[in-house]
Amino acid sequence: MRTQQCPSESSGAHSGENCSSSGSSGLSPGSDSDSSGVVCGGAGMRGVLSRYWSLESLHSATVIPDGALDKSALTDDVGSEEDLYEDFRSSNHRYGHPGGGGEQLAINELISDGSVVYAEALWDHVTMDDQELGFKAGDVIEVMDATNKEWWWGRIVDSEGWFPASFVRLRVNQDEPMEDYPLKAEGGREEEAGSGSRRLGMGQSTKDQMRTNVINEIISTERDYIKHLKDICEGYIKQCRKRADMFTEEQLKTIFGNIEDIYRCQKKFVKALEKKFNKDHPHLSEVGSCFLEYQTEFQIYSEYCNNHPNACLELSRLTKVNKYLYFFEACRLLQKMIDISLDGFLLTPVQKICKYPLQLAELLKYTNPQHRDFKDVEAALNAMKNVAQLINERKRRLENIDKIAHWQSSIEDWEGEDVLVRSSELIYSGELTKISHPQAKSQQRMFFLFDHQLVCCKKDLLRRDILYYKSRINMDEMEILDVEDGKDKDFNISVKNAFKLHCPDTEEVHLFCTKKPEQKQRWLKAFENERRQVQLDQETGFSITELQKKQAMLNASKQHQTGKPKALSRPSYDFLLRQKPPSLPSTLPQHQLFMLAEPKRKPSNFWQNISRLTPFRK
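Structure report, in brief.

Each value, and the rule that gives it
Here the residue numbering is sequential within each chain, running from 1 through the sequence in written order. The predicted origin of the model limits local features to residues at a pLDDT of at least 70 and limits the giving and counting of side-chain atom pairs to 80 or more, whereas totals for whole chains, interfaces and linings rest on all residues. Calculated side-chain values reflect all of the structure's heavy atoms, with hydrogen atoms and water omitted. The nonpolar core is taken to be a set of buried Ala, Val, Leu, Ile, Met, Phe, Trp, Tyr and Cys residues, with the residues joined through side-chain atoms within 4.5 Å. Residue burial is assigned from relative accessible area. The probe radius is 1.4 Å, only protein chains are included, and a residue is buried under 20% of its type maximum, exposed over 50%, and partly exposed in between. Put simply, DSSP marks the helices as runs of H or I at least four residues long and the strands as runs of E at least two long, and each gets a number from the N terminus on. Contacts between residues were defined by any pair of non-hydrogen atoms, one from each residue, lying within 4.5 Å. Grid points spaced at 1 Å and placed over the protein atoms alone form the basis of the search, with a cavity being a set where a 1.4 Å probe fits but cannot get out and a pocket an open set showing protein on both sides within 12 Å along at least five of seven lines. Lining residues have an atom within 4 Å of a point. Grid points are joined across faces, edges and corners, and a volume is the space filled by probe spheres set on the points. Amino acids are sorted into nonpolar (Ala, Val, Leu, Ile, Met, Phe, Trp, Tyr, Cys and Pro), charged (Asp, Glu, Lys and Arg) and polar (every other residue, Gly among them). Surface patches are defined over residues having more than 30% relative accessible area and no salt bridge, joining like charges when they lie within 9 Å and nonpolar side chains (Val, Leu, Ile, Met, Phe, Trp, Tyr) when within 5 Å. Only the protein chains shown count as cover for residues, and all accessible areas are computed by the Shrake-Rupley method using a 1.4 Å probe. By salt bridge we mean one thing: a side-chain nitrogen of Lys or Arg within 4 Å of a carboxyl oxygen of Asp or Glu. Neither His nor the chain ends contribute to the count of charged residues, in which Lys and Arg are positive and Asp and Glu negative. Working definition for charges: the position is that of NZ of Lys, CZ of Arg, CG of Asp or CD of Glu. Expected span, for any helix, means 1.5 Å times one less than how many residues it has. For a residue, the bend is simply the angle between two axes, fitted respectively to the seven-residue segment ending there and the seven-residue segment starting there. Here is the rule: rings of Phe, Tyr and Trp (six-membered ring for Trp) pair when centre to centre is within 6.5 Å. Planes less than 30 degrees apart are stacked, more than 60 are edge-to-face, and the remainder are tilted. Over a ring means this: the NZ of a Lys or the CZ of an Arg is within 6 Å of the ring centre and within 35 degrees of the ring normal. For helices, the fitted line uses only the C-alpha atoms of the stretch in contact; every axis is such a line through C-alpha atoms, and the angle between N-to-C directions lies from 0 to 180 degrees. Throughout, the term roughly parallel applies to angles under 35 degrees, roughly antiparallel to angles over 145, roughly perpendicular to angles from 65 to 115, and oblique to all others. By convention, the crossing between two helices is left-handed when the near helix turns anticlockwise from the far helix through less than a right angle, and right-handed when the turn is clockwise.

### Examining the nonpolar core
Of all hydrophobic cores here, the largest spans 62 residues; its most connected members are Phe256, Phe291 and Phe298. Among the elements that line this core, the one with the most residues is helix H5 (residues 204-241), at 13 residues. With residues near it in sequence (within four places) discarded, phenylalanine 256 still touches Ile232, Tyr236, Ile237, Cys240, Tyr304, Leu342 and Leu346. Residues Val419, Met446, Leu467 and Met553 belong to the second largest nonpolar core, which totals 22 residues.

Here is the structure:
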């Protein structure tokens, strides 16, 4: 439950006398916190937790490595870039230290004291690793170990595992019982329990107060976000453009994407919000129409989110050179931004666009159906879900190209162009019997249906985990024909569970058979999905750049050259999984946008089929 912020926190600058927290100085109001979570007058450790975990709540004050507020940064003028370079070079400061680690210390201190710490999932975390904990956005996770900065160990009901710390935020009210969080039934309706439900039992004035809190949070976080975008544009981009000897325009486009366009869009959006904001009676504010008005403009986040992995790669490459490392740190200090690395700041727009549905869902919960804003808020929630879903789908497609590139690199005797030249999505895969002219010879083959093409591979006779490339079919030229059981006139043989791919231009015909009728139906459905996917990509203008394709293939070839580890036998694999605690995941997860709505299609088993064939070894 969100309540109003502590009055002493509402001012622009924070003093240690008004609000003191271990390592929390320098974070501004406007994050998802409540009065119980703000540490006023030296309150307890739990207050510290709710003040963390929102990059859009960044304050302009500078935080020194130990997490305390550097008051001199607020009063004294910062020296020249050269002085900053020397100070930074001679110090033991570690670039990218997120907030001095105060948050981790606070969490682990609570856990070691026997307290239960909960976190709320911001994004879906989908994983095929048994050692990782999967969850959906909105799930509540019990944090059991936060010793590692990047990966935490947590539990949901009976499942335990590692999960990326950046995918969650600490729960606002740690003292709220689990059974009251959230009071949602499976269909999305609150439980109609009468007196047993705190929220359904609240009076009208309480509900208005809760709506006031949500409205205030939306306005406050928007203002903080605008300040954050301004710091990036003026503190980093402006300074980088002055150094043509260090940065090309192409590099800046890769690092910062279209964040300047987002800044201009958000400035207009926050002005529209403030016009609809009723200062005297905030609960009467009608902000839903603002989101509806800007839903199309918010699609510019898609370009930014798709480019974000490239930005991280470029930053990682540049910061290996001390000159760039010191330059970025000087930019941060000159702009008086808190101690987070540039890639952390650049993650904020990705987080922001996926936070809108959460805020609107909270607003709708506390908006009466008779309220003039109810219908607009309801429509705005659906609109922002669609925007987040569109961005999420595009980002997922881009991340899939790495998997496709790795798959191709493991296929022996590959011929012709790369799969990524024409395709970016694996639609379906499975084993089929292919019947060829002229002797109607039948062959067992593995087929992989991508958008635009069907790839045919042959299993090794001895090593069934090895695949050899055989051929491919251009799906843009084919039509699908359902074949009845019985004798086929084209091939003059009896067939069962069969279908054909027919090219009207060349009269080329391919006949396929499955072992079971349901397998045939799944393949026919997959072909429909392939055509639908191609049409959708054309309508939405989705495409993958040549640079992204080349980078994916380059990464795959490098991994293939280094060799692959030997496969574990199942008993050995099970034994490793039983070890407690298991080792941390070896790589950081890709940040991905969550989808609040239930997936419209069931989880694909395509990659499971591929995973059963891995590792592909020569």
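Text resumes after the structure shown.
### Description of the environment of alanine 272
Within the element layout of this structure, alanine 272 appears in helix H7 (residues 259-276). Separated by 19 residues in sequence, alanine 272 and phenylalanine 291 place their C-alpha atoms 9.4 Å apart. Filtering out sequence-adjacent residues up to four positions away, alanine 272 remains in contact with Cys290 and Tyr294.

### Considerations on the layout of surface pockets
Taken as a whole, the second largest pocket holds about 790 Å³ of empty space. Surrounding the second largest pocket, 30 residues form its lining, Asn307, Asn310, Thr545, Leu547 and Gln548 being those nearest its centre. Those elements giving two or more residues to the lining of the second largest pocket turn out to be helix H6 (249-256), helix H9 (300-318), helix H13 (374-409) and helix H15 (546-561). Here the lining of the second largest pocket gets 11 residues from one element, more than from any other, and that element is H9. Residues of the lining of the second largest pocket, tallied by class, amount to seven nonpolar, 16 polar and seven charged.

### As for a positive patch on the surface
There is a patch of like positive charges on the surface, built from Lys230, Lys267, Lys271 and Lys275. The dominant element in the positive patch, judged by the number of residues it contributes, is H7, at three residues. In this structure, lysine 230 sits in helix H5. Under the relative-accessibility criterion, lysine 230 is labelled partly exposed at 35%.

### Here's the deal with H9
What sets the pattern is the α-helix's 3.6 residues per turn: residues three or four places apart point alike. Between its terminal C-alpha atoms H9 stretches 26 Å, which fits the 27 Å expected from 19 residues at 1.5 Å a residue. Along H9, the helix axis deviates most sharply at histidine 308, where the bend reaches about 40°; the proline proline 309 sits within four residues downstream. When H9 is considered as a whole, its buried residues turn out to be Tyr301, Ser302, Tyr304, Cys305, Asn306, Asn307, His308, Pro309, Ala311, Glu314, Leu315 and Leu318.

### Regarding the pattern of salt bridges
Tallied over the entire structure, the rule returns 29 salt bridges. Note that arginine 243 and aspartate 245 form a salt bridge whose closest N and O atoms lie 3.2 Å from each other. Two residues, aspartate 482 and lysine 520, come together in a salt bridge whose shortest N-O distance is 2.6 Å. Of this pair, aspartate 482 sits in strand E10 (residues 479-483) while lysine 520 sits in helix H14 (residues 517-540), and the two are 38 residues apart along the sequence. Salt bridges linked by common partners bring Glu393, Arg396, Arg397, Glu425 and Asp537 together as one network.

### Looking at the packing of aromatic side chains
The geometry of an aromatic ring pair is captured by two quantities: the separation of the ring centres and the angle between the planes. Per the counting criterion, the structure on display carries 25 aromatic pairs. Ring geometry for phenylalanine 247 and tyrosine 324: centres 5.4 Å apart, planes at 75°, overall edge-to-face. With phenylalanine 247 in the loop between H5 and H6 and tyrosine 324 in helix H10 (residues 322-334), the pair connects residues that are 77 residues apart, well separated along the chain. Aromatic pair phenylalanine 269 and tyrosine 294: ring centres 5.5 Å apart, planes at 70°, arrangement edge-to-face. Taken as a pair, phenylalanine 269 in helix H7 and tyrosine 294 in helix H8 (residues 288-294) lie far apart in primary sequence, 25 residues in all. Across the pair, exposure class does not vary: phenylalanine 269 and tyrosine 294 are buried alike. Three or more aromatic residues joined by ring pairs form one cluster here, namely Tyr236, Phe247, Tyr324, Phe327, Phe328 and Phe345. In this arrangement the basic side chain of lysine 267 is found over the ring face of tyrosine 263, its NZ or CZ atom lying 4.5 Å from the centre.

### Describing the packing of H9 against helix H12 (residues 348-365)
Where H9 contacts H12, the two axes come as close as 9 Å, and the packing angle between them is 135°. Between H9 and H12, the angle falls in the class oblique. Read as a crossing pair, H9 and H12 show a hand that is left-handed. Contacts from Tyr301, Tyr304, Cys305 and His308 in H9 reach Pro349, Val350, Lys352 and Ile353 in H12. Counted by class, the contact of H9 with H12 contains six nonpolar, one polar and one charged residues.

Any functional reading would require information beyond the geometric quantities listed.
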